[in-house]
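Residue strings, one per chain:
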Amino acid sequence: MHNVRTVNEDVIWLGASDRRIALFENAYPVPKGMSYNSYLIKDEKTCLMDGVDTAVLTKFMANLEFALGGRDLDYMVVQHMEPDHCAAIPALLSKYSNLKIVASQKALDMIKQFFDIDLGDKAMAIKEADTLNLGKHELKFFAAPMVHWPEVMVTYDAKDGLLFSADAFGEFGSLDGGIFADEVDWERDWLDEARRYYVNIVGKYGAQTLALLNKAKALDIKMILPLHGHIWRENLDLIIGKYQSWATYTPEENSVAIFYGSIYGNTENAAEILATKLSEKGVRNVRVYDVSKTDVSELVSKAFQYKALVFASATYNGEIFDGMHTLITDLKNHNLSKRTVALIDNGSWAAIAGKKMREMVESMKEMTVLEPVVSLKSAVSEANVAELEELADSLVDLLNQ
Ligand SMILES: Cc1cc2nc3c(=O)[nH]c(=O)nc-3n(C[C@H](O)[C@H](O)[C@H](O)COP(=O)(O)O)c2cc1C
Ligand SMILES: [Fe+2]
Ligand SMILES: [Fe+2]
C-alpha cells in the first residue's frame, strides 16, 4: 500500500525509510535507520526527482504509481548516479516506456557502468544553467561537484522556490511521519545526526560545499528538499547557517572535546582529571570520549563541532593506540582544520604516542598544538596533575579569546 505526502500543490513526497539497515554505505552506524526521499512534480509533464535504495524499492514503486494517478511518467531527474537513489532506474525504464532520464553527461555514463543499459534517445544530458520546462514549473540545474559525487547537479524550481539539494542537507535516521523539519524538534533530535551525516559523507569537500552555498545565495529559496532526512520550509537560516559553519570548518561549540585511547585506564584517568579541572574552571559542555567505544563517525562529528580538542593516547607497539590513530587519520582525511589540539600520551618504557600524534596533527591545515604536551609514565603522577592544571588554564585562555 502506498504511503505518500503532499509537499505543495504540485509536488508529492514518495520516500521511504529503512529501519533494518545497520551501516549506511556499509560504513556508518545508523541506529535510527535511514530515509530515502524522492519527489514527483505533477505539471503538464510529470517529473520524478531521483529515486530510492533497493531496500525500499517495492514501497517506492507503489508510491509512484499511486502519486501518478494513472498518468505516464515523462522525466526522471538523476541528480547523481549513486545506488542509494538510483536502484529503480531499470524497473522505471521498463514500466514507463516514454520515460526520459535527465542527468549530467557524467551521470548518464555511470548509468551504463552500473546497469549496462544503453539509454539511446531516452537520455537527456543537462549541464550547469540548463533548464527543463514542465509547464508551469521550469527546472534549472546547478553543478555541485563532490557534494557528494563528482557529477552532482542540484535543481531549482523558481515557481515555488524549491531547491532539490541532492545529498546536501541530508541526515542519518528514518523519518517517522514528519517529513518537514518544522514537524519535529529538529535541534534537539536531529541536529547531531545531520552533522554526523554531513561531516562523514561530504565533510572533506568544504570548499565545494561552500561553492554550492554561494550559488544558493543568488536564489530565492523557500524550501530545501534533500534526498535524506527532513524537508526545510521554515527557518532555513538554521540549516544554512550550520552548513556555513561545517563547510568552513568553523567550530560551533566554544568548549573542549577530549578523546582518549587507554588500555588499562591510566590515560583515561588523565582525560577525566582534565575534564574535571575544565568544568571547575567554568567551561560548559566538556565532553569525554573513549575512542575504543564510540564509533569513529561520531568522534569525527564531535571534532567538527568543538573548538578545542584533546587527544590522549597510550603508546601501543611503538605506535598511537589503534582507535586514536584511526580518529586522527579520519580527521585528516576529512580535511578538518582550524582547531587547537592538546596532547597527552602514556608509555611504560618508551612513550612515543605524543610525538606521533603531534606529527599527524601538524600535517593538517591550520592546526595548533597547545603546550605543554603531558606525558605519563604508566600512571598519572603528582607532576602530571600540575601539568594538567597548566593545560586546563591554557585551554580556558583559548576559549576566552
Ligand atoms: C600490546 C601493548 C603494546 C604496548 N606498547 C608499548 C610501547 O611500544 N611503548 C611503551 O612505552 N608502552 C607500551 N605499552 C604499555 C602501555 O602504553 C603503558 O602501560 C601505558 O601506561 C598504558 O596506559 P593506559 O593505562 O592508559 O592503558 C604497550 C602495552 C600493550 C598492551
Ligand atoms: Fe550520495
Ligand atoms: Fe544519498
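Residues numbered from 1 in each chain as written. Chains lettered and ligands numbered in written order. Predicted model: local features only at pLDDT ≥ 70, side-chain atom pairs only at ≥ 80, totals over all residues.

Another aspect to go through is the sheet that holds strand E8 (residues 46-49). Strand order in the open sheet made by the seven strands is E1-E2-E7-E8-E9-E10-E11, with mixed pairing throughout. Either end of the sheet is taken by a strand with one partner, and the two such strands are strand E1 (5-8) and strand E11 (123-125). Each strand axis lies, on average, 25° off the axis of its neighbour in the sheet, ignoring direction. (Pairing = 2+ DSSP bridges. Helix = DSSP H or I, 4+ residues; strand = E, 2+ residues; numbered from the N terminus. Axes fitted to C-alpha atoms, helices over the stretch in contact; angles between N-to-C directions.)

Moving on to the site of ligand 1. Around ligand 1 sit 19 residues, and of these Ile-263, Tyr-264, Asn-266, Thr-267 and Gly-347 come closest. Across the shell around ligand 1, the residue classes break down as seven nonpolar, eleven polar and one charged. (Near = placed C-beta within 6 Å. Nonpolar A, V, L, I, M, F, W, Y, C, P; charged D, E, K, R; others polar.)

Along its sequence, the protein is organised into domain 1 (5-247) and domain 2 (253-400). On a C-alpha basis, the centres of domain 1 and domain 2 stand 38 Å from each other. In this assembly, ten residues from domain 1 lie in contact with ten residues from domain 2. Secondary-structure elements contributing two or more residues to the side of domain 1 that touches domain 2 are strand E5 (28-29) and helix H6 (191-201). With four residues, H6 is the largest single contributor of residues to the side of domain 1 that touches domain 2. Considering only residue class, the side of domain 1 that touches domain 2 consists of four nonpolar, three polar and three charged. (Domains from an automatic or database assignment. Contact = placed C-beta atoms within 7 Å.)

Our next topic: the packing of H6 against helix H10 (residues 296-305). H10 packs onto H6 with a crossing angle of 100° between their chain directions and a minimal axis gap of 9 Å. Our classification of the angle between H6 and H10 gives roughly perpendicular. Residue-level contacts link Arg-195, Arg-196, Val-199 and Asn-200 of H6 to Ser-297, Glu-298, Val-300, Ser-301, Phe-304 and Gln-305 of H10. The residue makeup of the contact of H6 with H10, split by class, is three nonpolar, four polar and three charged. (Parallel < 35°, antiparallel > 145°, perpendicular 65-115°, else oblique.)

Quick look at helix H4 (residues 105-115) now. Those residues of H4 not exposed but buried are Ala-107, Leu-108, Met-110 and Ile-111. Buried positions in H4, seen along its axis, are confined to an arc of 160° and lie on one side of it. Turned more than 90 degrees away from the buried face of H4, the exposed residues are Gln-105 and Gln-113. Each element contacted by the buried residues of H4 is listed here: helix H3 (89-95), strand E10 (100-103) and E11. Two residues or fewer past H4, Asp-116 is found with a positive phi of approximately 55°. (Buried ≥ 20, exposed ≤ 12 C-beta atoms within 10 Å, placed from the backbone. Arc of directions from axis to C-beta.)

What follows is about the environment of Leu-134. Note on placement: Leu-134 falls in the loop between strand E12 (131-133) and strand E13 (138-143). Measuring from C-alpha to C-alpha, the distance between Leu-134 and Ala-88 comes to 22 Å, with 46 residues separating the pair along the chain. Not counting residues up to four positions away in its chain, the partners in contact with Leu-134 are Ile-41, Asp-43, Glu-44, Lys-45, Cys-47 and Leu-139.

Okay, the nonpolar core next. When a protein is soluble and globular, its nonpolar side chains tend to lie buried together. Ranked by size, the top nonpolar core spans 128 residues in total, and within it Tyr-39, Ile-258 and Phe-259 carry the most contacts. Here this core takes seven residues from strand E19 (residues 306-316), the largest share from any one element. There are two domains that each give this core at least three residues, and those are domain 1 (5-247) and domain 2 (253-400). Residue contacts for Phe-259: discarding those within four places in its chain leaves Tyr-289, Val-291, Leu-299, Leu-309, Val-310, Phe-311, Met-324 and Leu-327. (Core = buried A, V, L, I, M, F, W, Y, C linked by C-beta atoms within 7 Å.)

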